[in-house]
Amino acid sequence: CGVMGFSLGRYSALCLLGGRASVQALFDHRRRHPDDLLPVAPGDAGPLTDDLEAILATHPDAFPQERDERFKAGVLLAPMCALFSDAGLRTIETPVSLYCAERDDVLREPYHSHRLAELLPQLKHFECVPAAGHFSFLTALPGALHDELPELAFDAPDFDRDAFHAQLHRSVVAFFDDVLGQVQP
């Protein structure tokens, strides 16, 4: 079967595919790239170096390995990769289709998708979606949610979220059909 993950949700997808996460990788990323705030919600300042030092002092560095052999392919949308060292990402040996947003205002490139694209041994597709923002990968929010969560709902005037999702859905299905159709039980 396949797995799909978006933003922080891609953490689970990357681990299921064989990625090795660590607090040390996140600490190193924040120290090397202070401009990449890594917010977990709109308006969040992201993890502070002092907080990460405290976590490192009290918890083991590596997260448990979560590789699940049932997953033979993955689709990753605007993945946050700061929890993974380069070596921890190179361990992903399954085919991957990867997307990033050209106008991502949450995750700064080249620290995430572009970095991951260079490290994956079986990257099958990489696309930087023109005019898309980070939250453009979420389907359109219905009614009241659209107005209550504008940071998640609004796109650039030159981006058509519905048209993008129609194409994305076709591409994801085609990718999984192609890759999983080749997998022997």
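Just so we're clear, the structure is a prediction, and the values are computed from it rather than from any experiment. (Residues numbered from 1 in each chain as written. Predicted model: local features only at pLDDT ≥ 70, side-chain atom pairs only at ≥ 80, totals over all residues. Heavy atoms only, no water.)

Caption draft 1: Seen up close, the side chain of threonine 94. Here threonine 94 is to be found in the loop between helix H4 (86-90) and strand E3 (96-101). The residues contacting threonine 94, other than those within four sequence positions of it, are Leu17, Arg67, Phe71, Lys72, Ala73 and Gln122. (Helix = DSSP H or I, 4+ residues; strand = E, 2+ residues; numbered from the N terminus. Contact = heavy atoms within 4.5 Å.)

Caption draft 2: Up close: unusual backbone geometry. Of the consecutive residues glutamate 109 and proline 110, the connecting peptide bond is found in the cis state with omega at 20°. Within the secondary structure, proline 110 sits in the loop between E3 and helix H5 (113-119). Residues other than glycine seldom take positive phi values, yet alanine 78 does so here, at roughly 45°. Summarising the element assignment, alanine 78 is placed in the loop between strand E2 (73-77) and H4. According to the relative accessible area criterion, alanine 78 is buried, its value standing at 1%. (Buried < 20%, exposed > 50% of the residue type's maximum accessible area, 1.4 Å probe, protein only.)

Caption draft 3: Inspection of the environment of alanine 117 at higher detail. With respect to the secondary-structure elements, alanine 117 resides in helix H5. In this structure alanine 117 comes out as buried when scored by relative accessible area, which is 17%. For the pair alanine 117 and tyrosine 99, spaced 18 residues apart in sequence, the C-alpha separation works out to 9.5 Å.

Caption draft 4: Spotlight on the state of the cysteines. Under the counting rule described, the total for this entry stands at zero disulfides. Unpaired in this structure, cysteine 100 has its nearest cysteine sulfur neighbour in cysteine 128, at a distance of 3.3 Å. (Disulfide = S-S within 2.5 Å.)

Caption draft 5: A look at helix H2 (residues 23-32). Within H2, seven of the 10 residues are buried, which leaves the element mostly enclosed by the surrounding structure. Along H2, the residues that are buried comprise Val23, Ala25, Leu26, Phe27, Asp28, His29 and Arg30.

Caption draft 6: Layout of the pairing of E2. Most of E2 sits out of view: five of its five residues are buried. A two-sided burial pattern is seen for E2, the buried positions comprising Ala73, Val75 and Leu77 on one face and Gly74 and Leu76 on the other. Sheet topology places strand E1 (residues 2-6) next to E2; five bridges connect them, and they run parallel. Within E2, the position partnered with methionine 4 by the bridge is valine 75. Relative to E3, E2 runs parallel, the two sharing four bridges. (Pairing = 2+ DSSP bridges.)

Caption draft 7: Region of interest: the pattern of salt bridges. Under the counting rule described, the total for this entry stands at seven salt bridges. Notably, a salt bridge pairs glutamate 102 with arginine 103, separated by 4.0 Å at the nearest N-O pair. Between aspartate 158 and arginine 103 there is a salt bridge, with its nearest N and O atoms 2.8 Å apart. Taken together, the positions of aspartate 158 in the loop between helix H7 (150-153) and helix H8 (161-181) and arginine 103 in the loop between E3 and H5 put the pair 55 residues apart, joining distant regions of the chain. The exposure class of aspartate 158 is exposed, given its relative accessible area of 51%. Among the residues examined, arginine 103 registers a relative accessible area of 39% and is labelled partly exposed. One network of salt bridges, with partners in common, ties together Glu102, Arg103 and Asp158. (Salt bridge = Lys/Arg side-chain N within 4 Å of Asp/Glu carboxyl O.)

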